[in-house]
Amino acid sequence: MRTAALRRCLAPVLPAAPPPGRALCGGGAGAAAAARRITENAKKSLASLKRENPRLEPTLAIIQAHNDRSIQETNKKFAKEVGLRVIHICLPEGSGKDEIVNEILRLNEDPNVQGLALDLPESLYSSKVLNAVKPEKDVDGLCDVNLGRLVRGDVLDCLVPPTVCAVMELLEDLGGKTVLVVGAGGAVGAALQCMLQREGAATLSCQWRAPQLQSKLHHTDVVVVGSTKPGDVPVSWIKPGTIIISCSRDLLSEKHNYGQQNNHATENAVGSLAIAMRMQNMVKTTERWIQSQQYRKWDLRCLKLQPLSPVPSDIEISRAQSPKAVDVLAKEIGLLTDEIEIYGQTKAKVRLSLLERLKDQPDGKYVLVAGITPTPLGEGKSTVTIGLVQALTAHLNINSFACLRQPSQGPTFGVKGGAAGGGYAQVIPMEEFNLHLTGDIHAITAANNLLAAAIDARILHENTQSDKALYNRLVPVVNGVRGFSAIQLARLRRLGINKTDPGTLTEEEISKFVRLDIDPSTITWQRVVDTNDRFLRKITVGQANTEKGFVRQAQFDIAVASEIMAILALTTSLQDMKERLGKMVVANDKKGEPVTAEDLGVTGALAVLMKDAIKPTLMQTLEGTPVFVHAGPFANIAHGNSSVLADKIALKLVGEKGFVVTEAGFGADIGMEKFFNIKCRASGLVPSVVVLVATVRALKMHGGGPNVTAGAPLKKEYTEENLQLVADGCCNLQKQIQITQLFGVPVVVALNVFKTDSPAEVDLVCKIAKQSGAFDAVPCNHWSAGGRGAVKLAQAVEKAANQKNSFKYLYSLELPIVEKIRIVAQKVYGAQDIELSPTAQSQVDCYTRQGFGNLPICMAKTHLSLSHQPERKGVPTGFILPISDVRASIGAGFIYPLVGTMSTMPGLPTRPCFYDIDLDPVTEQVKGLF
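Not measured: the values here are computed from a predicted model.

Cut-offs and rules
- Residues numbered from 1 in each chain as written.
- Predicted model: local features only at pLDDT ≥ 70, side-chain atom pairs only at ≥ 80, totals over all residues.
- Heavy atoms only, no water.
- Helix = DSSP H or I, 4+ residues; strand = E, 2+ residues; numbered from the N terminus.
- Contact = heavy atoms within 4.5 Å.
- Areas by Shrake-Rupley, 256 points an atom, 1.4 Å probe, with all protein chains shown as cover.
- Pairing = 2+ DSSP bridges.
- Axes fitted to C-alpha atoms, helices over the stretch in contact; angles between N-to-C directions.
- Phe/Tyr/Trp six-rings, centres within 6.5 Å; stacked < 30°, edge-to-face > 60°.
- Buried < 20%, exposed > 50% of the residue type's maximum accessible area, 1.4 Å probe, protein only.
- Expected span 1.5 Å × (residues − 1).
- pLDDT = per-residue confidence, 0-100.
- Salt bridge = Lys/Arg side-chain N within 4 Å of Asp/Glu carboxyl O.
- Core = buried A, V, L, I, M, F, W, Y, C linked by side-chain atoms within 4.5 Å.
- Arc of directions from axis to C-beta.

Visitor: Quick question: what am I supposed to make of the overall build of the protein chain here?
Guide: Helices and strands together make up the secondary structure of the protein chain, namely 34 helices and 33 strands. C-alpha extents for the protein chain along the principal axes are approximately 110 × 80 × 55 Å. If you take every contact in the protein chain between residues at least 6 apart in sequence, the share linking residues at least 24 apart comes to 74%. Approximately 38,100 Å² of the protein chain is accessible, and the part contributed by carbon and sulfur atoms is 51%.

Given below as structure tokens:
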């Protein structure tokens, strides 16, 4: 393509007046040559893009609503020459605008289609139809967004309509010439006049029936014909020597040869040249699409905070801030429109396809927030996590992401309350965060209980039917044909039966196939509900007459204790999740072999129930910085960390110099140890820094202060200065620092300051922390001041992240199960040794025999002490850690020993939080959450 024409179609150039003597180009041969040149250049450009992106297969979708196949064939011909894939959607002639718009909307959302063009009858080119096309896919450049950019001069950010490009290709040296555009309106007419004026031409426009038409034709140097000339308009009206460019929608028919009817005029029909220009636009669209897939720098608008004193309630603070629309936040941090699924105004699911798009993008820094052994009130790890990212991004201009667990509704309505952070460091809207969110926990509940129902139903059916009857029901005849489902064929292969025809199985093979022979006494899979309900800790199922006397004792766990929750937090993809769900061991058969969800045939159904839950939920902090909320396993009875997927996506989005801050439940001895030994093994990620959260209140408790009870006022020891109690309690802080150092990661202590803490107490804690090996120790006031109150912490974390990191796991997976338990007990908890009950030893032997001995350990232990006894504070020593039982979460991928008695179903206190929770029926606002 000539350089001048290229400038006219692709850049907002305003040329100087052309030198005299140069002529306008003319002749049909010129148009054909230009089409060949455009096609060849587009082919070369696309080949270059494909060399850089070997898997690239750009696809142009063309919606056609007429029966003229010549245009379709020409599009295909040019696309093939260039190297593009074209799909034609041929709608019936007479299709209405709504049908076309529906097809456009479908193609807009098709990630395999990069460009979209329309070949429609003139009457269908309405604003409604043209603006239905996404601007980034608008190859014909006819939507208002593209046209507006063209008119403003932002030609590099838009696509010029192919017809207009073709006209401009055929014309040169327009300065001082008069161009009449006749019979061309709408987007094409506007774009054409804009480009002509930019080249220095004086432009006129009118319709064929305009009364001034004859006069205008007689005083015009160039006529651009946009639609078929009526028969009663004589060609003689056209001045001799006039250049005629025909660009009617009937591009290829060339039915009206005005030049032959007026021997003194020269005519060109844009025809095939416009099609070539369309393909050129498609290559340009492809290049932009490739650029859109690259990592984008953040353009984040943070929200302003105006902290009040005294600090209002969490829900009042949350409600006083106006969050950004979540689609705006998503765009600011580089998410594409097809990578989010919006839930309301402030929440969105993020699709896992982002990981493939940004697979070559370096990860940011990975920060874990852990804590000392807490009081029953909690010490503010979530608040520190939020305060830290608000400081990093809103105050230091460093990209950062918080990754948090979704809270269970059990604690929300029980004692502890919500988990959105607090004060001026929280996730908003906090009521949405703390309640249903996007339904992930409900999906887990449904999946978990479907599997529980499948276990009992299978036992009943096997106990009441013959092999033949079971086989006929499990492999029924449908429409005269009997066939195995995919999951049944997989079971046959696991059994060593390599047959696909149900009619060829022997009686022995049928029996082997239909009978799981579950031993009811070995069932470990329990039903779940997301409510604290102590009366479900032991139940009896099967009491109805319809269950024919097959009664057994069972129990309910809280939903977040389900192995499916643990899987959600550890999975790395949909395929990985499906495989993990299938591996879940629910019981043993009567021969002592494991029975899995895959054996029960329920894996695919579980994956279907979990297909949306696997996507992290995007929210924001009070200062408008991004947060992922995903998964919510408890830390005392599970691994207590948010999801691997949320962390991985966030690490890509923040960029190489950004930070992802995630939180581990309870003290470092529990949540952090599991984060390193379980989560990091699953993800392959290496943490950069640990932030260890402490409070003067908790340290005083560990120094011998009176009991701290949720709901009861604090004793005076906690509200008055007492340096001796603080000093004595710092032994727990020192121990947690030592635990962190076992893994070779730098540690920064964040002292969460309360208004009752004295400056001397704060200084003492920071001094002891640094003397004990912390990289730094920083007092934080984010609860009362927002991100500004955590700026020093953010600066310390940034410095610590640049320190040498010698991360290592605590134990080798090849060690025996008992030895791995002993290492955790002695090195982390400070136990003298461990003692396994006969039940626990039997389970260890069973899991070892079944091939599960090489899994990591997930200790189920109280979070209120380093030992197994909640009342022992500080740093207990010399104790023997009792292992009462050992269980396995094979799908999640860990063995979990139970230390003492651990309840998997909390109960409600005398006065639960729900007494204070209410709904205003007029405003629909939630009250009383904290």
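What follows picks up the thread again.
Visitor: When you look at the sheet that holds strand β2 (residues 85-90) in this model, what are you seeing that I'm missing?
Guide: Whenever strands of a sheet pair, they do so through backbone hydrogen bonds, lying parallel or antiparallel. What the three strands build is an open sheet, ordered β2-β1-β3; its pairing is parallel. Because the sheet does not close on itself, it has two edges, and the strands there are β2 and β3 (115-119). On average, each strand axis in the sheet is inclined to that of its neighbour by 20 degrees, with strand direction left out of account. Pairing between strand β1 (residues 59-64) and β2: six bridges, direction parallel.

Visitor: Where do I start with the packing of aromatic side chains in this structure?
Guide: Describing an aromatic ring pair means giving the distance of the ring centres and the angle of the ring planes. Going through the model one piece at a time under the given rule, you end up with twelve aromatic pairs. Both rings, one in Trp 298 and one in Phe 401, keep their centres 6.2 Å apart while their planes meet at 80 degrees; by these two values the pair is edge-to-face. With Trp 298 in the loop between α11 (271-293) and α12 (314-320) and Phe 401 in strand β12 (residues 400-404), this residue pair connects regions lying 103 residues apart in the sequence. On the basis of relative accessibility, which here comes to 13%, the residue Trp 298 falls in the buried class. Of the residues examined, Phe 401 reaches a relative accessible area of 0% and is grouped as buried. Considering the side-chain rings of Phe 894 and Tyr 896, the 6.4 Å spacing of their centres and the 75 degrees angle between planes classify their relative orientation as edge-to-face.

Visitor: Can you help me understand unusual backbone geometry in this one?
Guide: A cis geometry characterises the amide bond from Ser 309 onward to Pro 310, with omega recorded as 0 degrees. If you trace the backbone, Pro 310 turns up in the loop between α11 and α12. In this model, Ile 428 is joined to Pro 429 through a cis peptide bond whose omega is -10 degrees. Here Pro 429 is to be found in the loop between β14 (425-428) and α17 (430-434). The residue Asn 397 is not glycine, and still its phi comes out positive at about 60 degrees. Positionally, Asn 397 belongs in the loop between α15 (381-395) and β12. Owing to a relative accessible area of 70%, Asn 397 belongs among the exposed residues under this scheme. Phi at Glu 924 takes a positive value of approximately 65 degrees, unusual for a residue other than glycine. Along the chain, the position of Glu 924 falls in the loop between β32 (918-919) and β33 (926-927). Glu 924 sits in the exposed class, given a relative accessible area of 64%.

Visitor: So what exactly am I meant to see when it comes to helix α8 (residues 186-198) here?
Guide: Residues spaced three or four apart along an α-helix point in a common direction, a consequence of the helix completing one turn every 3.6 residues. When the terminal C-alpha atoms of α8 are compared, their 19 Å separation across 13 residues agrees well with the 18 Å that a helix rising 1.5 Å per residue should span. In the segment just after α8, Gly 200 is the residue with positive phi, at about 95 degrees.

Visitor: Quick question: what am I supposed to make of the environment of Cys 780 here?
Guide: Structurally, Cys 780 is set in strand β28 (residues 776-780). Counting along the chain gives 13 residues from Cys 780 to Leu 793, while the straight-line C-alpha distance between them is 7.0 Å. The residues contacting Cys 780, other than those within four sequence positions of it, are Ala 750, Leu 751, Asn 752, Val 753, Gly 789 and Leu 793.

Visitor: What is the right way to read the confidence of the model for the protein chain from this model?
Guide: Segments scoring low in pLDDT should not have their predicted coordinates read at a detailed level. In the predicted model, the protein chain carries a mean pLDDT of 90, and the fraction of residues at 70 or more is 94%. pLDDT under 50 marks residues 1-8. Its contacts with residues more than four places away, or in other chains, come to 20 contacts.

Visitor: Sorry, what's going on with the sheet that holds strand β29 (residues 833-836) here?
Guide: The three strands are arranged β29-β30-β31 in an open sheet whose pairing can be described as mixed. Pairing within the sheet leaves two strands with one partner each, and these edge strands are β29 and β31 (894-899). Here the strands of the sheet are splayed against their neighbours by 50 degrees on average, with no regard to which way each runs. The sheet contact formed by strand β30 (residues 880-889) and β31 spans six bridges and is antiparallel.

Visitor: Would you mind going over the pattern of salt bridges with me for this structure?
Guide: Pairs can form between side chains of opposite charge once their charged atoms are near each other. In total, this model carries 41 salt bridges according to the counting rule given. Across the salt bridge formed by Arg 697 and Glu 379, the nearest N and O atoms sit 3.3 Å from each other. Separated by 318 residues along the polypeptide, Arg 697 in helix α27 (residues 696-702) and Glu 379 in the loop between β11 (365-371) and α15 bring together distant segments of the chain. Each of the two residues, Arg 697 as well as Glu 379, counts as buried. Linked by salt bridges that have partners in common, Glu 341, Arg 351, Lys 611, Asp 612 and Lys 615 make up one network.

Visitor: Please clarify how the nonpolar core should be interpreted in this entry.
Guide: One broad trend across soluble globular proteins is that nonpolar side chains are buried collectively. Phe 401, Leu 618, Phe 628, Leu 653, Phe 676, Leu 733 and Leu 881 are the most contacted members of the largest nonpolar core, which has 145 residues in total. In this structure, Ala 61, Val 82, Leu 147 and Val 155 belong to the second largest nonpolar core, which totals 76 residues.

Visitor: Which parts of the structure should I look at to understand helix α4 (residues 97-108)?
Guide: If you check α4, its first and last C-alpha atoms are 16 Å apart, about what twelve residues at 1.5 Å a residue would give, namely 16 Å. Within α4, burial applies to Ile 100, Val 101, Glu 103, Ile 104, Leu 107 and Asn 108. Down the axis of α4, the sector holding all buried residues measures 160 degrees, keeping them to one side. Elements in contact with the buried residues of α4: β1, β2, β3 and α5 (127-130).

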